[in-house]
Amino acid sequence: MSVLPLVFTSGWASGINAYAVVLLLGVFGRTGLTDEVPASLQRTDVLIVAAVLFLCEAVADKIPYVDSIWDTVHTVIRPLAGAVIGALLAGQSGSLSDITAGAIGGSTALASHFVKAGTRMAINTSPEPFTNVGMSIAEDLGVAGLVTFAMFNPQAAAVIAAVLLAAGLAILVFLWSRIRRFLRRHAQRREEKRLAAEAREVTGAPPL
């Protein structure tokens, strides 16, 4: 069960930025920092794709409302990445079954993804963009720092990840009113666009 703390930590981190986790683990494996990383994550093509997608996320994650769209798209991708990474780590160490590791990594990633997405919805109720930038930078630094720490002290890193996940879920409950406000505003915008499109069809006006 020695790989379990690393699976849990990587799952938490994948729910926030899966591409950063793949990139970090691959680099750590390629440089010989750890033997826990499977060869499939160290491949050059995997590292290049992860780096490109990480840069895309670094930009999208700092733009109000674009970050929430990006999070919606990644509702499946992040938990799936957490599950795959967990299964690969388990297969590399042989100390935990692939199915169990995949379930732990995927469910942890799903929980942390909901915390991230919900927090961003609450932040997007504010008109200023600086909070998005600050939160994005803090998330990236947190993922990088905790995954790196997990290479040297996986048990302590897993405890920190568990505390952060629990705190994030508590904050999510506290911010629920703001999240509902964001969802109502988003639904209202879609309804306004639909009514405008119908009005243009009736009047024969060209689309905007």
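Residues numbered from 1 in each chain as written. Predicted model: local features only at pLDDT ≥ 70, side-chain atom pairs only at ≥ 80, totals over all residues. Heavy atoms only, no water.

(A) The arrangement of helix 6 (residues 154-174) in detail. The end-to-end C-alpha distance of helix 6 is 30 Å, a good match for the 30 Å that 21 residues give at a rise of 1.5 Å each. Within helix 6 the residues assigned to the buried category are Pro-154, Ala-157, Ala-158, Ala-161, Leu-165, Gly-168 and Leu-172. Looking straight down helix 6, one finds its buried side chains confined to an arc of 100°; they lie on one side. Those residues of helix 6 that are exposed and angled more than 90 degrees off the buried face are Val-159, Val-163, Val-173 and Phe-174. (Helix = DSSP H or I, 4+ residues; strand = E, 2+ residues; numbered from the N terminus. Expected span 1.5 Å × (residues − 1). Buried < 20%, exposed > 50% of the residue type's maximum accessible area, 1.4 Å probe, protein only. Arc of directions from axis to C-beta.)

(B) Here's a closer look at the side chain of Asp-61. Mapped onto the fold, Asp-61 is located in the loop between helix 2 (44-60) and helix 3 (66-93). Asp-61 gets classed as buried once you look at its relative accessible area, which sits at 2%. A distance of 3.1 Å separates the side chain of Asp-61 from the side chain of Ser-136, its partner in a polar contact. (Polar contact = N/O pair within 3.5 Å; in protein donor to acceptor, adjacent residues only side chain to side chain.)

(C) Expanded view of the pattern of salt bridges. Under the defined criterion, the tally for this structure stands at nine salt bridges. Across the pair Asp-140 and Lys-62 runs a salt bridge whose closest N-O atoms are separated by 3.8 Å. Of this pair, Asp-140 sits in helix 5 (residues 130-152) while Lys-62 sits in the loop between helix 2 and helix 3, and the two are 78 residues apart along the sequence. Its relative accessible area of 18% is what places Asp-140 among the buried residues. Under the relative-accessibility criterion, Lys-62 is labelled partly exposed at 23%. Here the salt bridges do not stand alone but share partners, grouping Asp-61, Asp-67, Lys-116, Arg-120 and Glu-139 into one network. (Salt bridge = Lys/Arg side-chain N within 4 Å of Asp/Glu carboxyl O.)

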